[in-house]
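If you want the building blocks of each chain, they are given just below.
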Amino acid sequence: MPGELTRALGLVGLRVTGVREHDDGGLEVDVEAIEHPDRCPHCGGAALDIKERPLVGVQDLPVGGRQTSLRWRKRRYRCRGCGRTHTERHPALPSRQRVSARLRARLAARAAVGGAHAEIAREEGTSRYQVARALALVAVVPATGLRRISFDEAHRRGRELATVVSDLDRRRVVEVLDGRSQKVVARYLRGLGEEARLAIEVVSIDPYEAYRQAIWAELPQARIVCDRFHLVRGANTALDAVRRERQRVAARKRPKGARRCGKSASWRPELYR
């Protein structure tokens, strides 16, 4: 059974070591890597010890029409030479992700053609958050031919923040960066290449200084504009601040004992301007 399921699973480099069936008909499959590393990726040393075996749960594509989740018993190695550690990796099972790469591609493909996120999540046995995240991370356009782009922050689970890079002309996500620091944005822009950077004419950002500094350094020819949402919100905030200040000034000029409102009030603000 494990051998047959290994072939049905179709993940090269992983083998099935066990399987359990849930009451709802879903499958929980235990997998592990077939090959073991023979060198430390940090120093190249050959003396490796298994430090621990963390268990990682990842949702994958259905097998035989049944929803399937994988339990990957990873190996974390410690090098005797440099003392540093590293953990097994697999391209189909990205680190710190709850869905496999191929399930993420399937979610993104369904969402890209207009599928409702809630319906997709229900049918695939996942959450709307995972559907939206798949669309942002997978359904992207190549970072070529960019003329007008935008940088905006996005909230992830917990307190982690990301930067979403969008092509304003095509109205599509180009890249999602981990973090929103000046270093992260500048490194992304440098990676585009000189020709692609020179082609960018306009960059829309929220009023965040790290974005501005990175663009000034890497795209000196580009015009920086504030996006509409933050521009309107900033104008409303400034207007509200002026209104509050005018009210405080009027309150200080009001004579003691004057009524504050009503048609019969003896105090008239125009007399004190």
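Everything numeric here is computed off the predicted structure, so don't read it as measured data. (Residues numbered from 1 in each chain as written. Predicted model: local features only at pLDDT ≥ 70, side-chain atom pairs only at ≥ 80, totals over all residues. Heavy atoms only, no water.)

## Overview of the layout of surface pockets
For step 1, the next point in the chain: Taken as a whole, the second largest pocket encloses approximately 270 Å³ of empty space.
For step 2, the next point in the chain: If you trace the second largest pocket, you find 15 residues lining it, with K74, R76, T87, S95 and R96 closest to the centre.
For step 3, the next point in the chain: When contributions to the lining of the second largest pocket are tallied by element, the ones reaching two or more residues are β4 (55-63) and β7 (85-87).
For step 4, the next point in the chain: Here the residues of the lining of the second largest pocket are counted per class, giving six nonpolar, four polar and five charged. (1 Å grid on protein atoms, 1.4 Å probe; cavity = no way out; pocket = protein on both sides within 12 Å on 5 of 7 lines; lining within 4 Å. Points joined across faces, edges and corners; volume = space filled by probe spheres on them. Helix = DSSP H or I, 4+ residues; strand = E, 2+ residues; numbered from the N terminus. Nonpolar A, V, L, I, M, F, W, Y, C, P; charged D, E, K, R; others polar.)

## Examining the packing of helix α5 (residues 182-191) against helix α7 (residues 209-218)
For step 1, the next point in the chain: Orientation of α5 relative to α7, taken along the N-to-C sense of each, is 35°, at an axis distance of 8 Å. Two packed elements cross with a definite hand, and for α5 against α7 that hand is right-handed. Facing α5, whose interface residues are Q182, V185, A186, L189 and R190, α7 presents A210, Y211, Q213, A214, I215 and E218.
For step 2, the next point in the chain: Of the residues contributing to the contact of α5 with α7, the split by class is seven nonpolar, two polar and two charged. (Axes fitted to C-alpha atoms, helices over the stretch in contact; angles between N-to-C directions. Left-handed = near helix turned anticlockwise from the far one by under 90°. Contact = heavy atoms within 4.5 Å.)

## Looking at the state of the cysteines
For step 1, the next point in the chain: With the rule as written, the count across this model stands at zero disulfides.
For step 2, the next point in the chain: Of the cysteine sulfurs around C40, a residue in no disulfide, the closest is that of C82, at 3.9 Å.
For step 3, the next point in the chain: In this structure C40 comes out as buried when scored by relative accessible area, which is 3%.
For step 4, the next point in the chain: You can see C82 has no disulfide; the closest cysteine sulfur is in C43, sitting 3.7 Å from it.
For step 5, the next point in the chain: Exposure remark for C82: the relative accessible area of 32% places this residue in the partly exposed category. (Disulfide = S-S within 2.5 Å. Buried < 20%, exposed > 50% of the residue type's maximum accessible area, 1.4 Å probe, protein only.)

## Quick word on the sheet that holds strand β11 (residues 202-205)
For step 1, the next point in the chain: Reading across the sheet, the five strands line up as β10-β9-β8-β11-β12 and stay open at both edges, with mixed pairing between neighbours. What marks the edges here is a single partner per strand, and that holds for β10 (172-178) and β12 (223-226). Each strand axis lies, on average, 25° off the axis of its neighbour in the sheet, ignoring direction.
For step 2, the next point in the chain: Summarising the sheet, strand β8 (residues 148-155) and strand β9 (residues 161-167) pair through seven bridges and their orientation is antiparallel. Looking at β9, one finds that H155 is bridged to L161. (Pairing = 2+ DSSP bridges.)

## Topic: the nonpolar core
For step 1, the next point in the chain: Formed by 20 residues in total, the largest nonpolar core has its most connected members in F151, Y188, L189, I200, V203 and L219.
For step 2, the next point in the chain: Of all elements in the fold, only β8, β10, α5, β11 and α7 reach the threshold of two or more residues within this core.
For step 3, the next point in the chain: Counting residues per element, this core draws most heavily on α5, which supplies five residues.
For step 4, the next point in the chain: Core analysis: the second largest hydrophobic core is formed by 15 residues, L9, L11, V31 and A33 among them. (Core = buried A, V, L, I, M, F, W, Y, C linked by side-chain atoms within 4.5 Å.)

## Considering the packing of helix α2 (residues 101-112) against helix α3 (residues 117-124)
For step 1, the next point in the chain: Two elements in contact, α2 and α3, have axes whose closest approach is 10 Å; the angle formed by their N-to-C orientations is 145°. The chirality of how α2 crosses α3 is right-handed. Residues L103, R106, L107, R110 and A111 of α2 form the contact with α3, whose own contacting residues are H117, I120, E123 and E124.
For step 2, the next point in the chain: Here the contact of α2 with α3 is composed, by residue class, of four nonpolar, one polar and four charged.

## What about the environment of S127?
For step 1, the next point in the chain: In this fold, S127 is placed in the loop between α3 and α4 (128-137).
For step 2, the next point in the chain: For S127, a relative accessible area of 25% puts it in the partly exposed group.
For step 3, the next point in the chain: Measuring from C-alpha to C-alpha, the distance between S127 and H117 comes to 8.5 Å, with ten residues separating the pair along the chain.

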